[in-house]
Amino acid sequence: MNDELDGKHGVQSLEVGMSILRAMVSGKRSMMLKDIAQAADMPPSKAHRYLVSLIRSGLVEQDRLTSRYDLGPFALNLGLVALDRVDRIRLGLAAISELRDLTNETVALAVWSERGPVVVRWERPRRPITVNVLTGTHLSLLGSAAGRVFAAWLPEQQTDPLLRQEIESGKLTTPIASLEEARRLLAGVRERGLAVISSGYFARGVEAAAGPVFNFKNEINMSIAVVGVEGTLDLTPDGPTLSALKRACAELSVRLGSTAPYGTADDGRTEA
């Protein structure tokens, strides 16, 4: 009978514990017992009993020096796992659709694969002359804006073999003859926060700009690119197109849990 009641009505003690956790999350910093009790609307003695159990479970921890309480390692792990399971592609599709509506340009979403960047979706603008981007297209690391973005923020050990392969192929439409030259180019991409190609795109007659999207680990996760017929895109640094692109990437990064100021996230080149 008790099991049936629990199934229908829930477990009250768990709900009380969750109210304490919600109070701590809303506090946005470590809190004293009296502040937690007040925020959870319960006597301090009752809040303390629950905090003891929450500490044992790893959901809460207490600083022995200050006696303040904060979220514990298990609570942080729960948050990271939840963020990792967010449907990043679904959020990315919504972001490129909104950016297409805002800019009236072709907008594409790219992710990293074993063979390099690949287009997973693109949105067509409402204009007679457009650039078609085929879903499933693998992008050049140096000859595409999205490719440069991934090469700029991924670890060098992950991208160097592909960069060397492109350089040695002799098929690049941009004048890069060595890995050192490529690294200088990519350093400029990181400095600007965007990759812009107005000539030398791997597809003739096309120009593009792309930005990185970061996840909760502050690592590059996706790239959003605006693509157009050469000479038609407004690629001025503070113009409406690049400003909208950068804003879209920054907002999507926040939705995926990134906490670093946009464009300063980990590029994989420094040790933790």
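Residues numbered from 1 in each chain as written. Predicted model: local features only at pLDDT ≥ 70, side-chain atom pairs only at ≥ 80, totals over all residues. Heavy atoms only, no water.

1. Quick notes on the pairing of strand S3 (residues 106-113)
Thought 1: Most of S3 sits inside the fold, with seven of its eight residues counted as buried.
Thought 2: Of the pairings in the sheet, the one linking S3 to strand S7 (residues 220-229) comprises five bridges and is antiparallel in character. The residue of S7 that forms the bridge with Ala 108 is Ala 225.
Thought 3: Alignment of S3 against strand S4 (residues 116-123), held across seven bridges, turns out to be antiparallel. Residue pairing across strands places Ala 110 opposite Val 119, the latter belonging to S4.
Thought 4: What sits between the antiparallel neighbours S3 and S4 is a turn of two residues. (Buried < 20%, exposed > 50% of the residue type's maximum accessible area, 1.4 Å probe, protein only. Helix = DSSP H or I, 4+ residues; strand = E, 2+ residues; numbered from the N terminus. Pairing = 2+ DSSP bridges.)

2. Remarks on the pattern of salt bridges
Thought 1: One pass over the full model with this rule turns up seven salt bridges.
Thought 2: A salt bridge links Asp 101 to Arg 126, with the nearest nitrogen and oxygen atoms 3.4 Å apart. One end of the pair, Asp 101, is in helix H6 (residues 88-103); the other, Arg 126, is in the loop between S4 and helix H7 (145-153), with 25 residues separating them in the sequence.
Thought 3: Judged by its relative accessible area of 41%, Asp 101 falls in the partly exposed class.
Thought 4: Taking relative accessible area as the criterion, Arg 126 reaches 56% and is therefore assigned exposed.
Thought 5: Its salt-bridge partner being Glu 156, residue Arg 183 comes within 3.8 Å of it at the nearest N-O pair. With a gap of 27 residues between them, Arg 183 in helix H9 (residues 179-192) and Glu 156 in helix H8 (residues 156-169) connect regions that are remote in the sequence.
Thought 6: Residue Arg 183 is classed as partly exposed on the basis of its relative accessible area, which comes to 31%.
Thought 7: On the basis of relative accessible area, Glu 156 is assigned to the partly exposed category, the value being 26%. (Salt bridge = Lys/Arg side-chain N within 4 Å of Asp/Glu carboxyl O.)

Geometry only, nothing functional implied.
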